[in-house]
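For reference, the chains in residue letters:
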Amino acid sequence: GGSAAAAANNQAQQQRDAQRQSILEQAMTPDALARLRRVKLVKKDRATAVESMIANMALQGKIDTKVTEGKLIEMLEGIVGAQQQKEGNSAKISFQRKKYTFDSDEDDDNDDDLL
């Protein structure tokens, strides 16, 4: 029934992942691969996007030399830039400072009562 189809689909997905992994290993330096794996731990969507980009470029024969760590960083920054433009900079981090009130009489600037 359905579980056999799901298992076949899962196996096909694993095969595609393994194929992509071997393409990446051939197209990237060990340092770049290590960095990509670290990025994947934190930003899975970005890492996947870069993996697809590199795999597609490799399959189309657009990569003459191995992708280095520096080139990988450029590609990641390019994806971040494109995402920020698309999202209208919603990925920007903003800090909200908390205002602490230590005592109830805020008019009292005299700190003698603290001594």
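Up top is the structure.
Reading guide: rules and limits
- Residues numbered from 1 in each chain as written.
- Predicted model: local features only at pLDDT ≥ 70, side-chain atom pairs only at ≥ 80, totals over all residues.
- Heavy atoms only, no water.
- Axes fitted to C-alpha atoms, helices over the stretch in contact; angles between N-to-C directions.
- Helix = DSSP H or I, 4+ residues; strand = E, 2+ residues; numbered from the N terminus.
- Parallel < 35°, antiparallel > 145°, perpendicular 65-115°, else oblique.
- Contact = heavy atoms within 4.5 Å.
- Nonpolar A, V, L, I, M, F, W, Y, C, P; charged D, E, K, R; others polar.
- Core = buried A, V, L, I, M, F, W, Y, C linked by side-chain atoms within 4.5 Å.
- Buried < 20%, exposed > 50% of the residue type's maximum accessible area, 1.4 Å probe, protein only.
- Expected span 1.5 Å × (residues − 1).
- Arc of directions from axis to C-beta.

1. Things to note about the packing of helix α1 (residues 2-27) against helix α3 (residues 44-59)
Next up, step 1: Interaxial distance between α1 and α3 falls to 9 Å at its minimum, and their mutual angle equals 75°. When the axes of α1 and α3 are compared, the pair comes out roughly perpendicular. Two secondary-structure elements touch here, α1 through Arg20, Ile23, Leu24 and Ala27 and α3 through Thr48, Glu51, Ser52, Ile54, Ala55, Ala58 and Leu59.
Next up, step 2: Residue composition of the contact of α1 with α3, grouped by class: seven nonpolar, two polar and two charged.

2. Focus on the nonpolar core
Next up, step 1: Residues Leu24, Met28, Leu36, Val50, Ile54, Val67 and Leu72 are the most contacted members of the largest nonpolar core, which totals 15 residues.
Next up, step 2: Mapped onto this core, the elements with two or more residues apiece are α1, α2 (30-42), α3 and α4 (69-87).
Next up, step 3: Dropping the residues within four chain positions of it, Leu72 is found in contact with Met28, Ala32, Arg35, Leu36, Val50, Ile54 and Val67.

3. A short note on α3
Every α-helix winds through 3.6 residues per turn, so residues three or four apart in the chain are directed the same way.
Next up, step 1: With 16 residues, α3 extends 22 Å between its outermost C-alpha atoms, agreeing within 8% with the 22 Å of an ideal straight helix rising 1.5 Å per residue.
Next up, step 2: Of the residues making up α3, those classed as buried are Arg46, Ala47, Val50, Glu51, Ile54 and Ala55. When α3 is viewed along its axis, its buried side chains cluster within an angular range of 165° and face the same direction. Exposed and oriented more than 90 degrees from the buried face of α3 are Asp45 and Leu59.
Next up, step 3: In the segment just after α3, Gly61 is the residue with positive phi, at about 75°.

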